[in-house]
Amino acid sequence: MPIKIAIAQINTTVGDVNGNFEKIISNITKAKNEKADLVVFPELTLTGYPPRDLLIKKSFIQKNIEILHNIVEHTKNIAIIVGFVDEKDGNLFNAAALIDNQKIIGIYHKIHLPNYDVFDEKRYFTAGNSTTIYTLKGVKLGLTICEDIWIDNGPATDLKQKGAELIINISASPFHAGKEKIRLNVVAKQAKENNIPIVYCNLIGGQDDLIFDGRSYIINNQGKLVQQSKAFVEELSYVSNIQTKNEIDFIENENESIYRALVLGVKDYFRKNGFKNAIIGLSGGIDSALTAAIAVEALGNINVKGVSMPSKFSSEGSISDSLALAKNLNIPCEVIPIKNIYISYLDSLKNQFANTKFNVAEENIQARIRGNILMALSNKFGYLVLTTGNKSESSVGYSTLYGDMAGGLAVISDVLKTKVYELSTYINNVNGKEIIPVSTITKPPSAELREDQKDSDSLPEYDILDPILKAYVEEDLSSEQIIDLGFEKNVVTRIIGLVDRNEYKRQQAALGLRITSRAFGQGRRMPITNHWKDE
C-alpha cells in the first residue's frame, strides 16, 4: 500500500486547546521530516478526553473549531486525521477531520456513542449516521472513532462493503488490567472478518481518575498484530507496509502494566494540575510503602516527603520500617509523635466519654489527628497529600473519614490488598534490591489503633475477602452466585452488607486512579440512600 503513515500517540490535556494545538503541530513537523503522507492523532485531540461538561460551554466548542482551522494552515504537503468536537444546528458530534494539503477533505461523526461505565457520551453528543470513503495517495480509506470498531457488522463492515482498503480508528480507550488483550482481540476480529487492515491510534496519559495506555498498533487484513507502539509513553511511529505479514507477539506483564499505569496517573495528575510535591503518611505498612514507591517513580525523590506519626499503639517496627523505606527511596521522613495530642483529645472529651468503653471513637481520633497533621503541612508548604488506602479497605469501609482518607489523590484505591502485595514484590524484583522492606511485606497488616490490633480481627483474610469483593464490585455477581463459587454464606452476606453500607464514605473520598474494570468513581454510581438488599 503506497502510503507512509505516522501514528501520533500523544498525551493531550482536557481543556488545553492551545497546548494540544502546539503538540499537534510539533508532530506534524516531525512527520513531514520523515516524509510521512498521513499523521493520525487520537480521539478528541483538540479538546482532550473526556471533556465532560466543558462541552456545555459554547465558547469552548467555538475555540476548538477555531483551532481546527488554524491546524489546516500547517498541513501543506501532508494529510492528517485529528479528533475534535463538531457543531451543526446546535448538535455536537464527536468528530474526526481528514485534512490534506491545507484543505478539510471530510469530517466523520462517531456513530456509536458509549454510555456505560466511565463513558457518558450520549449526554453530550449526537450520533453520526453514515460512513464515507476517502481517497488519499490512491488508497481508499475509512474513518472510525473508538467505540465504532467494537461493533460487529458495524462501521468497519460498512466501510469494507463500500470499497475501503484501509480503516483508521482514532481512540481514547482507557486502561484497566486485562483491557489491552480484550481491545486487541476486538480490533483483530474486525480486521480478519472484513479482510482489511486497521490502523489504531490510542491516547496516552492521565486524566483525573482515568489512565490511557496508548499501545497503538497496526493489524493486517489477516487479523495479525504487525506493529505496536509503546505503552504509557508518547510516541510517533511510522508504517510504510500496511499489508506486511510479519506478525509480532503480544506480551504483557499485568503487574508491570498496573505499576506503570499508576506511575503515569500520579505524574500527570501532578503535572496537569500544577502540583509539584507530595507528602505521605508512612505507617510502616505495605499500603503507604507502595504509595510512596509509586510517587517517587512518578515525581522524583526530591519531590516526595514522608511523615511517620506513631501513637501509643504503634509498634517499634512501624517506625523502623518507615525509616527504612524512606532510606531505600532516598526521601526525607519526619517523625511526629501523636501520643500527647491524643491524650489531650481524650482529656478534652473526658466528661463526654465518661463511663463508656474504648471503641472506634478513640481509634478514629488517632487517624484524624494524623490526617490533620498532613493537611497542616499541605497547607503550609503546598504539598499534595497522597492517601494510602487500598480497594479492599475502601470497599468495606475499613478507613476513617477525615482521617486516613484525608488527601488530594488516592493512588491505590483501586488496588485490592492481594494485588498490593504483588506490586510491592514486583517493585523489589524489578529493582533487584529491597525498595519496600521485606519486613513490611511479611508482617501481618494492622491499623495499630488499639492494642495488638490486626486487620484479620475485623475482616476475613485477604485471600478470601478480595475474591468476594472482585465478584461483587467488579463483576456485579449476586450473593447467591458468589456463594456458589464456594464462599461461606455468612461471610458473603456480611461483606456485601459492608460494601453497601459504606457508599457514603467512598463518595467523600479523594479521587482514585482507576486500574480495574470497575473502580469506585465515575464508572460506578450507587445511591447512598439505598434499601436494596442483595440476598
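Residues numbered from 1 in each chain as written. Predicted model: local features only at pLDDT ≥ 70, side-chain atom pairs only at ≥ 80, totals over all residues. Heavy atoms only, no water.

Here's the deal with the sheet that holds strand S3 (residues 79-88)
Thought 1: Read from one edge of the open sheet, six strands run S5-S4-S3-S2-S1-S14, paired in mixed fashion. For this open sheet the edge positions go to strand S5 (103-109) and strand S14 (235-239), each flanked by a neighbour on one side alone. Adjacent strand axes in the sheet meet at a mean angle of 30° when their direction is disregarded.
Thought 2: The sheet contact formed by strand S1 (residues 5-9) and S14 spans five bridges and is antiparallel. Paired with Ala 8 across the two strands is Leu 236, which belongs to S14. (Pairing = 2+ DSSP bridges. Helix = DSSP H or I, 4+ residues; strand = E, 2+ residues; numbered from the N terminus. Axes fitted to C-alpha atoms, helices over the stretch in contact; angles between N-to-C directions.)

Quick notes on the pairing of strand S6 (residues 133-136)
Thought 1: A one-sided burial pattern is seen for S6, the buried positions being Tyr 134 and Leu 136 and the unburied ones Ile 133 and Thr 135.
Thought 2: Bridge count between S6 and strand S7 (residues 139-145): four bridges; the pairing is antiparallel. The residue of S7 that forms the bridge with Ile 133 is Gly 142.
Thought 3: As consecutive antiparallel partners, S6 and S7 are separated by two residues, and within that stretch Lys 137 has a phi angle of approximately 55°, a positive value. (Buried < 20%, exposed > 50% of the residue type's maximum accessible area, 1.4 Å probe, protein only.)

Side note on helix H5 (residues 254-273)
Thought 1: Here H5 is 20 residues long and its end C-alpha atoms lie 28 Å apart, about the 28 Å a rise of 1.5 Å per residue gives.
Thought 2: Residue Asn 253 occupies the N-cap position of H5, its side-chain oxygen lying 3.0 Å from the main-chain nitrogen of Asn 255. (Expected span 1.5 Å × (residues − 1). Polar contact = N/O pair within 3.5 Å; in protein donor to acceptor, adjacent residues only side chain to side chain.)

A short note on the nonpolar core
Thought 1: Judged by nonpolar contacts, the single largest core of 48 residues is most densely connected at Val 266, Ile 294 and Leu 386.
Thought 2: Looking at this core, the elements that each hand over two or more residues are H5, strand S15 (278-281), helix H6 (286-299), helix H7 (316-329), strand S18 (384-387) and helix H11 (417-431).
Thought 3: The greatest single-element share of this core, amounting to ten residues, is contributed by H6.
Thought 4: Discounting residues that sit within four places of it in the chain, Leu 386 has contacts with Phe 270, Ala 278, Ile 279, Ile 280, Thr 291, Ala 295, Leu 409 and Val 411.
Thought 5: Core analysis: the second largest hydrophobic core is formed by 41 residues, Ile 67, Val 72, Ile 99 and Phe 119 among them. (Core = buried A, V, L, I, M, F, W, Y, C linked by side-chain atoms within 4.5 Å. Contact = heavy atoms within 4.5 Å.)

Observations concerning the sheet that holds S18
Thought 1: If you walk across this open sheet you meet the five strands as S17-S16-S15-S18-S19, and the pairing is parallel. In the strand order of this sheet, the two ends are held by strand S17 (333-335) and strand S19 (409-410), each with one partner.
Thought 2: Two strands pair when backbone bridges link them, and S15 and strand S16 (residues 304-308) are joined in this way by four bridges, in the parallel orientation. Paired with Ile 280 across the bridge in S16 is Gly 306.
Thought 3: Along the sheet, H5 contacts S15, S18 and S19; its crossing angle with S18, the most-contacted strand, is approximately 155°.
Thought 4: Helix H9 (residues 360-381) rests against S15, S16 and S18 of the sheet, and its axis sits at about 165° to S15.

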